[in-house]
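Survey of secondary and tertiary structure
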Amino acid sequence: FFFDRFCLWPQGLRRRMLAAMLARFGRTLKFMVALMFLTMALTKAYSIRLYSVKTYGPLIHEFDPWFNYRATEYLAEHGADRFFKWFDHMSWYPLGRPVGTTIYPGMQFTAVWIWETLKMVPKFKVKPPDYIRQSFPFVKNVLRFGPMSLNDVCVYIPAWFGSVATLGVFLLTHEASRSLSCATIAALVMSIIPAHLMRSIAGGYDNESIAVSAICFTFYLWVRSLRTKNSWPIAALAGLCYVYMVAAWGGYIFVINMIGVHAAALVPLRMFNSSTYKAYTLFFIIGTLGATRIPVVGWTPLKSLEQMGPLAVFIGYQLLEYCDAQLRKRKDVTWKEAAALRVKVFSTAFIAACVVVVLLWPTGYFGPLSSRIRGLFIKHTRTGNPLVDSVAEHQAASSGSYWQYLHYANGLSKLGFLLCFLKWTPARTFVIGYGLVASYFSLKMVRLLIICGPIASICTGIALGTLLDLCLAQIVELPWSLLTDAEDGEDGDKKEGDKTKEGPGSPVTPTSESKKKKKKDDDEPKAEEKKKGAQKGSKKKAASMANSDVLKAFEDIRDHYAQWWTFLNKTVLHRRTAPVRAMAAILVLAFVAQVGRRPAKDFIQHATSMAQGMSSPQIVFMSQGRYIVDDYKVAYEWLKTSTPEDARVMAWWDYGYQITGIGNRTSIADGNTWNHEHIATLARCLVLPEKRAYKIIRHLTDYMLVWAGGRGDDLAKSPHMCRIGTSVYPDISPNDPTCRQFGFHQDRTPTPMMAKSVVYKLCSHGKTPGVSVNPAYFKEVYTSKHGFVRIYKVMNVSQESKDWVANPENKVCDA
């Protein structure tokens, strides 16, 4: 019935209907393909992060994640109220640490929420179809759903949030480019880019594993709130997402400053309006109020120099909106009056701000820049703090680092970055600013390459997606052009007899008659002018007629070529070249597919190799003989089962989290590194000669633990220990702050200062000829199977000091 009715319609209407149906089908097909590839990106983002679980099982990795897991256990067992009041006496002995007020708790609360939610899921099994297991190899033969242990939830959170971050990049790219192709390619890149993998491998239960997702969604919701004049309420969601970011990671300072810089840049770019004002005001108020509720942050957003910029932008927005409101009330205001009003308002505000700063500065209201922040603005990232400078991830990034963590995305992202300049929108200006800021700070600190992962993926997606969209547009336009061209040809045949010929070689266009009429109307006043000129004399009349003829001839030529170019541009050049453009687009796509196949394969292989390399939990690793070495894990478990519960263990600060997290024993220092002097005291105990060091050690610890046997052991770290200790205790290495006298000669023999040190004797005892510890000071009680960990019992421990620290009357805490 529909087909019969369709055949009765006029031919032109049928063609239009068919073209509309093809266009709608094309849009639907493009959406379905994008959805399919987005699903592939999300599943790949999850599966590539599971190599560690497949090899070693669900095991927490490295150092910091063990503290995070221990804190999560405490939260799950004692609840939020006791968590925020938790003072941990098992770390930083004898000082202790107020954990609840010095931790970013977002990850712990996320893990507990997921763990509690999964408790409500009943246990059941699902056998996936064969085609799903063939399409997604990581899917098991039987999928089991239901409650999970808290350990397993913490292990899988980085992999889950790897997919969430991929979705955030998809949305942010789509908002900036308004293209599904760009967004899909960006998601595919983000799912496996090593810059994101390095902090989101399953088992790497660290703050950055969820923080990148919060960054992506905060940025997306911010630029989404700027799309139209009515979209500003979305900024409230951006503010809430920012609060979650603050709770998750100390890198929230980058987020608030990035949005503040973008909001400030919108003013000179003439994109500031009432909607922009409402969006930033709503975001800043909600975000700042929420941030101040995080105990570790407190009132820092209103006091720290690192966050004064966004606050200044907020105040500036209020002043701008006040000026605009005053100007809207007035009528016929000149630009000079508007400028005078703004100068007056901003000058008054600046003077008031200066008075406030002068009054508050002596009181210590404004907090100083941290050493890590200072390192971003000091050449070679040297902060003056050897503790910060000793950490490898705080060093400057090299070109090799960019290739390692961004690979081909490093080059392609530059092209996408340039393409953002072609069309200025709030979202694209944000991408430009994000790219500039991320590239600068990542150069200063290799750790910050993690923030380059999203922007490199976004710009790579824009570069490749723009090319793909351009080519697909030529191919899809071909049937539309053929249909409309045929319709216009038929209509032209019917109307050709009714049209007036305008001259040799002139095209017949629908506007010919109107232009003729206009030309006729223009000739009438010119004729009158000629009559008036004839009365003034023959000389003037001849000159006037000559000028009029030249002008008329020029206008005829101009109108002729204007009509000809319009005709060619709209019909011939565009429609009749559609087959050529479609063929060229197909050739370009084929060329790119052929040339880009190898780089794409290399990128996937590189990302897979990096994921596998990052999947080693560090406390266990795979040997060259392909068997698992678990010396470190077993050593910590030995502490848990073979030492008294109140035993204190001294080791370099790197291992403090594992001593408390796995061994459940008191440590002297850990990766929190909040007390430089305390770590310097620990370094002093390790690098001093045995006799001098023992006088301190016997008052602080019951056991000494060292990493030996290579693989970044304590001997490799000992120069850093010496420099950190000397920064507080110059007598360790007099007149030698860089500790050049503490190390090894080229033949690997120790310098005299190194040979006398405690760390050298503990690592080399019984292994290097002539090297042994004094049995009156230390007794070896444990050496791991492969010699990677050695534990010594401290002899003649001062019980008086131990009892004094354990006495509750001597415990004073203002946390």
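Note that the structure is predicted; figures quoted are calculated from it, not measured.

**Quick word on the packing of helix H5 (residues 106-119) against helix H7 (residues 150-177)**
Angle between the axes and distance between the axes: these two values describe a pair of packed helices. The interhelical angle for the contact between H5 and H7, taken along N-to-C directions, is 115°, at an axis separation of 10 Å. The angle between H5 and H7 falls in the class roughly perpendicular. Crossing hand, H5 versus H7: right-handed. The residues of H7 that touch H5, namely those facing Thr110, Ala111, Ile114, Trp115 and Leu118, are Leu150, Val153, Cys154, Ile157, Trp160 and Phe161. For the contact of H5 with H7, the per-class residue count stands at 10 nonpolar, 1 polar and no charged.

**Digging into the pattern of salt bridges**
Two side chains carrying opposite charge are able to pair once their charged atoms lie near each other. Enumeration according to the criterion identifies 22 salt bridges in this entry. Put simply, Glu208 and Arg447 hold a salt bridge, and the shortest N to O gap is 2.6 Å. Highlighted residues: Glu208 in helix H10 (residues 208-224) and Arg447 in the loop between helix H20 (426-444) and helix H21 (452-495), separated in sequence by 239 residues. Several salt bridges converge on common partners, so that one network encompasses Arg199, Asp206, Glu208 and Arg447.

**Details of the packing of helix H11 (residues 235-248) against helix H13 (residues 274-291)**
The contact between H11 and H13 brings their axes to 8 Å, and the two run at 30°. On the basis of their axis angle, the class for H11 and H13 is roughly parallel. The element H11 and its partner H13 pack so that their crossing is right-handed. Facing Ala235, Ala236, Ala238, Gly239, Leu240, Tyr242, Val243 and Val246 of H11, the residues of H13 in contact are Ala279, Leu282, Phe283, Ile286, Gly287, Gly290 and Ala291. Of the residues in the contact of H11 with H13, the class split is 12 nonpolar, 3 polar and no charged.

**Overview of the nonpolar core**
The biggest cluster of nonpolar side chains holds 92 residues, and the ones touching the most others in it are Phe219, Trp222, Tyr280, Phe283 and Tyr434. Broken down by element, the residue count for this core peaks at 11 residues, all from H10. Counting 89 residues, the second largest nonpolar core, distinct from the first, contains Val53, Ile732, Cys739 and Phe788.

**Notes on the sheet that holds strand E9 (residues 703-707)**
Sheet strands line up and pair through hydrogen bonds in the backbone, either parallel or antiparallel. On the basis of which strands lie adjacent, the open sheet formed by 5 strands has the order E8-E7-E9-E11-E10 and mixed pairing. On the outer flanks of this sheet lie strand E8 (666-667) and strand E10 (778-783), each paired with one strand and no other. Relative to strand E11 (residues 789-794), E9 is paired through 5 bridges, and the arrangement is antiparallel. Each bridged residue has a counterpart across the sheet, and for Val706 the counterpart in E11 is Arg790.

**What to know about the confidence of the model for the protein**
Averaged over all residues, the pLDDT of the protein is 84; the fraction at 70 or higher stands at 81%. Across the protein, the element-wise mean pLDDT spans from 48 in helix H22 (residues 512-535) up to 96 in H11. A low-confidence stretch, residues 490-521 (pLDDT under 50), is modelled with 24 contacts involving residues beyond four sequence positions or located in other chains. Overall, residues 532-536 carries pLDDT values under 50, and its contacts beyond four positions in sequence, including any with other chains, amount to 2 contacts.

**Remarks on unusual backbone geometry**
The omega torsion across Tyr93 and Pro94 is 0°, close enough to zero to call that bond cis. Turning to its location among the elements, Pro94 is positioned in the loop between strand E1 (87-88) and strand E2 (97-98). Here the phi dihedral of Glu62 falls at roughly 50°; this positive angle occurs in a residue that is not glycine. Structurally, the position occupied by Glu62 is in the loop between helix H3 (51-56) and helix H4 (64-84). A positive phi angle, near 55°, is found at Arg178, a position not held by glycine. Turning to its location among the elements, Arg178 is positioned in the loop between H7 and helix H8 (180-192).

**Brief notes about helix H32 (residues 799-806)**
Taken as a whole, H32 has its buried residues at Ser801, Lys802 and Val805. Viewed along the axis of H32, the buried residues span an arc of 100°, placing them on a single side of the element. Exposed residues on H32 whose side chains face more than 90 degrees from its buried face are Glu800 and Trp804. For H32, the elements touching its buried residues are strand E7 (648-650) and helix H28 (690-700).

What counts, and where the lines are drawn
- Residues numbered from 1 in each chain as written.
- Predicted model: local features only at pLDDT ≥ 70, side-chain atom pairs only at ≥ 80, totals over all residues.
- Heavy atoms only, no water.
- Axes fitted to C-alpha atoms, helices over the stretch in contact; angles between N-to-C directions.
- Helix = DSSP H or I, 4+ residues; strand = E, 2+ residues; numbered from the N terminus.
- Parallel < 35°, antiparallel > 145°, perpendicular 65-115°, else oblique.
- Left-handed = near helix turned anticlockwise from the far one by under 90°.
- Contact = heavy atoms within 4.5 Å.
- Nonpolar A, V, L, I, M, F, W, Y, C, P; charged D, E, K, R; others polar.
- Salt bridge = Lys/Arg side-chain N within 4 Å of Asp/Glu carboxyl O.
- Core = buried A, V, L, I, M, F, W, Y, C linked by side-chain atoms within 4.5 Å.
- Buried < 20%, exposed > 50% of the residue type's maximum accessible area, 1.4 Å probe, protein only.
- Pairing = 2+ DSSP bridges.
- pLDDT = per-residue confidence, 0-100.
- Arc of directions from axis to C-beta.

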